[in-house]
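# Residue-level structural notes
So the chains spell out like this:
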Amino acid sequence: MKSTTRSVPTTRGIKRIDLAYVQLATSESARDINRDVVLEIIRSQQPVSRADLARASGLQPSTISSIVDQLIAEKWVKEGAIERRPRGRHPTLLALNDELVILAADVRPKQAIVALLDLNGRFLAREVVPLVSDPESAIGKIVQRMESMRDNHPNHSFEGIGISMPGRIDPESRLLILAPNLKWGSYDIKHAIEDRMQLQVELTNAANACLLAELWSGRLDGIRNAVLVTVVEGVGVAILANGQIITGMYGLAGEFGHSPIDPLGPLCGCGQRGCWEVFASSNAALRYYAEIRPNDAPLSIHELLHMTEEDDPAAIAAVSRQATCLGRGLRLVTAALSPEVILIAGDITTSWARFGPMIQAELEATMLAGRTPQLGITNDSELARLRGAAAVVLQRHSGYQRSTHKAARTKTSL
Ligand SMILES: [Zn+2]
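Attention in this report is confined to the structure presented alongside it. It should be emphasised that the depicted structure is a prediction, and the values quoted were computed from it without experimental measurement.

### Points about the environment of Ser259
Here Ser259 shows up in the loop between strand E12 (244–245) and helix H9 (276–280). Residue Ser259 is classed as buried on the basis of its relative accessible area, which comes to 18%. Separated by 14 residues in the primary sequence, Ser259 and Arg273 have C-alpha atoms spaced 9.6 Å apart. Once you skip the residues sitting within four places of it in the chain, Ser259 turns out to touch Gly274, Cys275, Trp276 and Leu332.

### Section: the coordination of the zinc ion
Each protein donor to the zinc ion is listed here as His258 (ND1), Cys268 (SG), Cys270 (SG) and Cys275 (SG); together their distances run 2.0 to 2.3 Å. Taken in chain order, the donor set of the zinc ion reads H-x9-C-x1-C-x4-C. With His258 in the loop between E12 and H9 and Cys270 in the loop between E12 and H9, this pair connects stretches of sequence that are 12 residues apart. Accessibility expressed as a relative area gives 28% for Cys270, which makes it partly exposed.

### Remarks on the sheet that holds strand E14 (residues 374–377)
Strands pair in a sheet through their backbones, by hydrogen bonds, and they do so in one of two ways: parallel or antiparallel. The five strands are arranged E12-E11-E10-E13-E14 in an open sheet whose pairing can be described as mixed. Lying at the two open borders of the sheet, with one neighbouring strand each, are E12 and E14. Across six bridges, strand E10 (residues 226–231) lies against strand E13 (residues 341–346) in parallel orientation. Counterpart to Val227 in the pairing with E13 is Ile342. Contacts from helix H13 (residues 352–365) reach E13 and E14 within the one sheet, and its direction differs from that of E14 by about 155°.

### A word on H13
Over its 14 residues, H13 extends 19 Å from the first C-alpha to the last, a length consistent with the 20 Å expected when each residue adds 1.5 Å. Considered for burial, the residues of H13 that qualify are Trp352, Phe355, Gly356, Ile359, Glu362 and Leu363. One side of H13 carries all its buried residues, which in axial view fall inside an arc of 125°. Along H13, the residues that are exposed and aim more than 90 degrees away from the buried face are Ala353 and Ala365. The inward-facing, buried residues of H13 abut helix H11 (301–309), helix H12 (313–337), E13 and E14.

### Observations regarding the nonpolar core
Among the nonpolar cores identified, the biggest contains 50 residues, and Val38, Ile42, Leu53, Leu71, Trp76, Val77 and Leu220 are the most heavily contacted of them. Tallying contributions element by element places helix H14 (residues 381–398) first for this core, with eight residues. Core analysis: the second largest hydrophobic core is formed by 38 residues, Cys268, Ala284, Leu326 and Ile344 among them.

### Observations concerning a nonpolar patch on the surface
A grouping of Ile177, Met249, Tyr250 and Leu252 is seen on the molecular surface, where their side chains present a nonpolar patch of about 420 Å² in accessible area. Counting through the fold element by element, Met249 comes out in the loop between E12 and H9. You can call Met249 exposed: its relative accessible area is 66%.

### So, the side chain of Arg43
Turning to its location among the elements, Arg43 is positioned in helix H3 (residues 27–45). One polar contact links Arg43 to Glu40, side chain to side chain, over a distance of 3.1 Å. A distance of 3.0 Å separates the side chain of Arg43 from the backbone oxygen of Trp216, its partner in a polar contact.

Scoring rules and cut-offs
Residues numbered from 1 in each chain as written. Predicted model: local features only at pLDDT ≥ 70, side-chain atom pairs only at ≥ 80, totals over all residues. Heavy atoms only, no water. Helix = DSSP H or I, 4+ residues; strand = E, 2+ residues; numbered from the N terminus. Buried < 20%, exposed > 50% of the residue type's maximum accessible area, 1.4 Å probe, protein only. Contact = heavy atoms within 4.5 Å. Donors = N, O, S within 2.8 Å, 3.2 Å for Na, K, Ca; no water. Pairing = 2+ DSSP bridges. Axes fitted to C-alpha atoms, helices over the stretch in contact; angles between N-to-C directions. Expected span 1.5 Å × (residues − 1). Arc of directions from axis to C-beta. Core = buried A, V, L, I, M, F, W, Y, C linked by side-chain atoms within 4.5 Å. Patch = residues over 30% accessible without salt bridge, like charges linked within 9 Å, V, L, I, M, F, W, Y side chains within 5 Å. Areas by Shrake-Rupley, 256 points an atom, 1.4 Å probe, with all protein chains shown as cover. Salt bridge = Lys/Arg side-chain N within 4 Å of Asp/Glu carboxyl O. Polar contact = N/O pair within 3.5 Å; in protein donor to acceptor, adjacent residues only side chain to side chain.

Below, the structure written as structure tokens:
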């Protein structure tokens, strides 16, 4: 049972509202912020009573009451269990409405994982879809799976679709503007799926999706400066700076993976030579292995990592070289952002006991000053992208950060 003596404002929702923007808030946007705060407290502390919400948020009981009525009417929240107390009233507890569900897809160059999640991040269905390189037929296959998941859950309300992409999405046009490993050109993924599914689609970068999933899990509570690095076919970076996820003007913030390290290095998918990702990605490890054993049949990264577990010297040499390059490149990241925490997501994390210390050693060797950032791995990078993609839908549709976006635009037009 939830404590009724909870101390005041240490909730995740309050922390995420940036005071720099709150100062600019109009009375209308202040109401939006209060609504976001209340929804976040319900999400992170459910089941909660209205009295608990008032205590945790510092808002008046009458304000809580009207916000909760609105959230119930919009189906974000439902009333459930009755709290049993020894004396006095037995308040009805509030929780997120788990009948409201979100479709999510984690798109990668050769496959997509399509899933159905409820508002609590629980998976109701999950399927792998092999993809061809033509974007129209790839999206057709993803939509087919989504349609069958919707048909199989007739009693749920579908709120929207979140897609994690191995690339960058322009926050204004919502178009994919950089995806060197996918090569889908300027195909309008968002509208292609919306036309078929009649649900709103939100696209997000895979690294940002993983970072958002970590934030929502509460693992980064108290951390305001963190970096998450996805190490798969390419290398992607997501940035939490001063408590905010940074996207930049065109959604391109964090493209350290395409920083040129060696102008004479191998050609990268982005068209340049010697980017960090051609030395530090999973594809780089496979290339290093092929250099040592040129006559072997091509491997998958999972096979290569499995060989390191079996102490194969060539496999260990290849992934060690990748780990060293990954650690060296983190110098750019720490110099630019000075994070407290660096989280690695992706293939190499499955053999972290062997290769994590190599990355750590390089990171320590290149520190300019101060304490070395804490290096760790994400909980479940396979599922994190799906959870993060779903969280983007929840965030946009429920109104999370709506007020900060409004305020940010006001700020730029001054
Ligand atoms: Zn590049």
